[in-house]
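Listed below, chain by chain, are the residues.
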Amino acid sequence: MSTNFNVLTIGDAMITMDPITKGPMRFVTHFERKMGGAELNFAIGCSRLGLNSKWISRLGQDEFGKVIYNFARGEGIDVKDVDFVDGYTTSVNFKEVRESGEGKTFYYRQQSPILTLRVEDINEDLLDSIDLLHITGVFLAIDPQNLAIAKRLITLANKKNIPVSFDPNIRLKLWTIEDARKAYFEIFQQIDILLTGLDEIHLILEDSSETALVKFANDYNITDLVIKDSSAGSRLYKKGQWFTSPAFEVPVIDTVGAGDGFDAGYVYSYLNDLEPKEALRFANGVGALVVSVLGDNEGLPYLSEVQSFTSGTKEIER
């Protein structure tokens, strides 16, 4: 199986302050500095699976920006299109984690360096040798101009016959569902793979029945409609058929980043032409490994770890 594929994504990254103790954030006094951001998590996930990840972004010309840049580079991500910007501080978020593993995120990204990215910065060269483009709704939500940037990238990808995957990754703390819907429907026609949570697609379509999902996929020519449904597993509508795969039972420590890991797992499976059920099982396995570790991307597994986990074999530890 070849893993020599090149994946491109674009978006903001943040310093993530993870709580040392669980419970409401107002009672937490100690935090650990880590890195996060949906697109960065996705790029890390792909890189650890053996794909070549390329990431377009902007970081503040500050210590936090350098931390993220060096971390991404250390993960093997192509960062030559990540620039440092004066006058903008690198984004930060604080996490709250409850006993169940669920939590909240509090953003401090109003003056994100990604705001300096312009449509004219997007050219065909960025897509040279790229095998798949991945966009998320988080990038779209940060600023209205990002829709034009994403549409430019997607149009160039379509021109080059590069498949495009999209995760709505709805962030209602950043914009309204009405604004989100409007933006999504401007790009759905140009998307090949839609990776969405069941709750998200219900918010978007206001109907998550299989009839509505099939109609939507057919109307917008979505070749792979992937539904992530947490502990219920995942579903895929492809070539007129539904495929399902149950979730793995694992202790849930932290759910943040699980969807990004699932996306990386599915993209890996898609590029390597795995059968539908096998693709879902692989992606479920990546997501399960992510939730079993505290942190946005610490649990993103390497290829051998996913293969061992999904096959039920135990890796030699010593």
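Everything below is about the structure shown above.
In this text the structure is predicted, and so the values were computed from the model without any measurement. (Residues numbered from 1 in each chain as written. Predicted model: local features only at pLDDT ≥ 70, side-chain atom pairs only at ≥ 80, totals over all residues. Heavy atoms only, no water.)

Q: Can you help me understand the pairing of strand S7 (residues 103–108) in this one?
A: Across a regular strand the side chains alternate sides, sitting on one face of the sheet and then on the other. Strand direction decides the pairing type here: strand S6 (residues 91–97) and S7, joined by 6 bridges, are antiparallel. Bridging across to S7, Glu96 finds its partner in Lys104. Connecting S6 to the next strand, S7, in antiparallel fashion are 5 residues, including Gly101 with a positive phi near 100 degrees. (Pairing = 2+ DSSP bridges. Helix = DSSP H or I, 4+ residues; strand = E, 2+ residues; numbered from the N terminus.)

Q: Would you mind showing me how to read the sheet that holds strand S3 (residues 31–36) here?
A: Pairing between the strands of a sheet comes from backbone hydrogen bonds, and it takes one of two forms, parallel or antiparallel. With respect to topology, 4 strands assemble into an open sheet ordered S3-S2-S6-S7, the strand pairing being mixed. The sheet terminates laterally at S3 and S7, the two strands that pair on one side only. Across the sheet, the mean angle from the axis of one strand to that of its neighbour is 25 degrees, orientation sign disregarded. Contacting strand S2 (14–19), S3 and S6, helix H2 (residues 63–74) runs over the sheet at an angle of about 60 degrees to S3. (Axes fitted to C-alpha atoms, helices over the stretch in contact; angles between N-to-C directions. Contact = heavy atoms within 4.5 Å.)

Q: What is the right way to read the environment of Leu132 from this model?
A: If you trace the backbone, Leu132 turns up in strand S8 (residues 132–136). In this structure Leu132 comes out as buried when scored by relative accessible area, which is 0%. Sequence-wise, Leu132 and Thr9 are 123 residues apart; in three dimensions their C-alpha atoms are separated by 8.8 Å. Discounting chain neighbours no more than four positions away, the residues touching Leu132 are Asn6, Val7, Leu8, Ile162, Pro163, Ser165, Ile193, Val267, Tyr270 and Leu271. (Buried < 20%, exposed > 50% of the residue type's maximum accessible area, 1.4 Å probe, protein only.)

Q: Help me understand the sheet that holds strand S10 (residues 193–197) in this model?
A: Here we have 9 strands laid out as an open sheet, ordered S5-S4-S1-S8-S9-S10-S11-S12-S13, and mixed in their pairing. With one partner strand each, in any of the chains shown, strand S5 (82–85) and strand S13 (241–245) form the two edges of the open sheet. The sheet shows a mean angle of 15 degrees between the axes of neighbouring strands, direction not considered. By the bridge criterion, 5 bridges tie S10 to strand S11 (residues 224–228) in an arrangement that is parallel. Bridge pairing links Ile193 to Asp224 in S11. Its contacts with the sheet place helix H1 (residues 38–48) against strand S1 (6–10), strand S4 (52–60) and S8, and it is angled at close to 170 degrees to S1. Across the sheet, H2 lies against S4 and S5, angled at about 175 degrees from S4, the strand it touches most.

Q: Looking at this model, I keep getting lost on the packing of aromatic side chains. Mind explaining?
A: Counting across every chain of the model gives 16 aromatic pairs. Ring geometry for Phe166 and Tyr184: centres 5.4 Å apart, planes at 65 degrees, overall edge-to-face. Here Phe166, found in strand S9 (residues 164–167), pairs with Tyr184, found in helix H5 (residues 177–187); they are 18 residues apart in sequence, far enough to count as distant. Judged by relative accessible area, Phe166 falls into the buried class, the value being 0%. Tyr184 gets classed as buried once you look at its relative accessible area, which sits at 0%. Ring geometry for Phe185 versus Phe188: centroids 5.0 Å apart, planes at 85 degrees, classification edge-to-face. One aromatic cluster is present, built from ring pairs that chain together Phe166, Trp175, Tyr184, Phe185, Phe188, Phe216 and Tyr220. (Phe/Tyr/Trp six-rings, centres within 6.5 Å; stacked < 30°, edge-to-face > 60°.)

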